[in-house]
Amino acid sequence: MHDADKQDFVLLLTDVLAFYRQDVSRFAASVWWEACKGFDLSQLRKAFNAHAIDPERGQFAPKPADIVRALQGTRTDQARVAWGKTFDAMQRVGAYQTVGFDDPIIHACVEDVGGWQKICRSNMDELSYLEHRFCESYRAYASRGLDQYPAKLLGEFECINRHEGKMVAPPVLIGNADNARRVMELGAAAPKTQFTIASQALKIGGDK
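**Q** Please provide a residue-by-residue account of the nonpolar core, values included.
**A** Membership of the largest hydrophobic core comes to 29 residues, with the highest contact counts inside it found for Trp 83, Phe 101, Trp 116, Ile 119, Phe 134 and Tyr 138. Looking at this core, the element that brings in the most residues is helix H7 (residues 124–144), giving 7 residues. Apart from residues no more than four positions distant in its own chain, Tyr 138 is found in contact with Gln 78, Ala 79, Ala 82, Asp 103, Ile 105, Ile 106 and Cys 109. Core analysis: the next-biggest nonpolar cluster, separate from the first, contains 18 residues, Met 1, Leu 17, Ile 67 and Leu 71 among them.

Structural data, given as structure tokens:
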């Protein structure tokens, strides 16, 4: 969430706790905001609803730790799905063609592990380590937000053709084509060399 979402979040929190006949003090609202501001408002609505209908936990009003715990698990699932999409494209498209995914975090994570060409050419012994690093990066970005990312992941053909002044083929779009185009429009003009998120990922900890 962004600061502009704070009022809507407090309204949501007030409605949720009113369901349990509790009021929201200014201090409680600030604690909740600090705990939850790394998530999307839509995710929080779903998490609050899931808590309310849980046969065991739903008997009691949620605490920030309950919601964060539930959503951290969601991020792990998202990271694994993102890796699966990436791995499929690695096998199906390969290192020669430039690609654009429908998820900007994937672009950032691929750059973190060395770039599209490197990850596509990794051997089987490296895949487990690359997957681990990719998923750590994904969870970190999902938690703290993504300031910038490469608009596309460069394949070898584009690098060679640009150097030689030849025509460059459009990127292969991965996932939802419209979303992938949007991701590319909003991305940085040139790929970053390396995102430095290792320390942030370790600080986030949580679900390893």
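After that view of the structure, there is still more to cover.
**Q** Got a sec to walk through the packing of helix H4 (residues 64–92) against H7? Specific residues and values, please.
**A** Two elements in contact, H4 and H7, have axes whose closest approach is 9 Å; the angle formed by their N-to-C orientations is 130°. Between H4 and H7, the interaxial angle falls into the category oblique. Note on packing geometry: the crossing formed by H4 with H7 is right-handed. Residues Arg 75, Thr 76, Gln 78, Ala 79, Arg 80, Ala 82, Trp 83, Thr 86, Phe 87 and Met 90 of H4 lie in contact with H7, whose contacting residues are Leu 127, Leu 130, Glu 131, Phe 134, Cys 135, Tyr 138, Arg 139, Ala 142 and Ser 143. In the contact of H4 with H7, the residues fall into 11 nonpolar, 4 polar and 4 charged.

**Q** Any chance you could break down helix H3 (residues 41–53) for me, citing the residues and the numbers?
**A** Helical geometry note: an α-helix holds 3.6 residues per turn, so side chains three or four residues apart project in the same direction. Between its terminal C-alpha atoms H3 stretches 19 Å, which fits the 18 Å expected from 13 residues at 1.5 Å a residue. Of all the positions in H3, only Leu 41, Gln 43, Leu 44, Ala 47, Phe 48 and His 51 are classed as buried. An end-on view of H3 places all buried positions within 150° of arc, on one side of the element. Opposite the buried face of H3, by more than 90 degrees, sit the exposed residues Lys 46 and Ile 53. Tucked inside the fold, the buried residues of H3 contact helix H1 (6–19), helix H2 (26–36) and H4.

**Q** Could you give an account of the packing of helix H5 (residues 104–112) against H7, naming the residues involved and the relevant values?
**A** Each packed pair of helices is defined by two parameters, the angle between the axes and the distance between the axes. Running from N to C, H5 and H7 point in directions that differ by 135°, and their axes come no closer than 9 Å. The angle between the axes of H5 and H7 places the two elements in the oblique class. Crossing hand, H5 versus H7: right-handed. Residues Ile 105, Ile 106, Ala 108, Cys 109, Val 110 and Asp 112 of H5 form the contact with H7, whose own contacting residues are Arg 133, Phe 134, Ser 137, Tyr 138, Tyr 141 and Ala 142. Across the contact of H5 with H7, the residue classes break down as 9 nonpolar, 1 polar and 2 charged.

About the cut-offs
- Residues numbered from 1 in each chain as written.
- Predicted model: local features only at pLDDT ≥ 70, side-chain atom pairs only at ≥ 80, totals over all residues.
- Heavy atoms only, no water.
- Core = buried A, V, L, I, M, F, W, Y, C linked by side-chain atoms within 4.5 Å.
- Buried < 20%, exposed > 50% of the residue type's maximum accessible area, 1.4 Å probe, protein only.
- Helix = DSSP H or I, 4+ residues; strand = E, 2+ residues; numbered from the N terminus.
- Contact = heavy atoms within 4.5 Å.
- Axes fitted to C-alpha atoms, helices over the stretch in contact; angles between N-to-C directions.
- Parallel < 35°, antiparallel > 145°, perpendicular 65-115°, else oblique.
- Left-handed = near helix turned anticlockwise from the far one by under 90°.
- Nonpolar A, V, L, I, M, F, W, Y, C, P; charged D, E, K, R; others polar.
- Expected span 1.5 Å × (residues − 1).
- Arc of directions from axis to C-beta.

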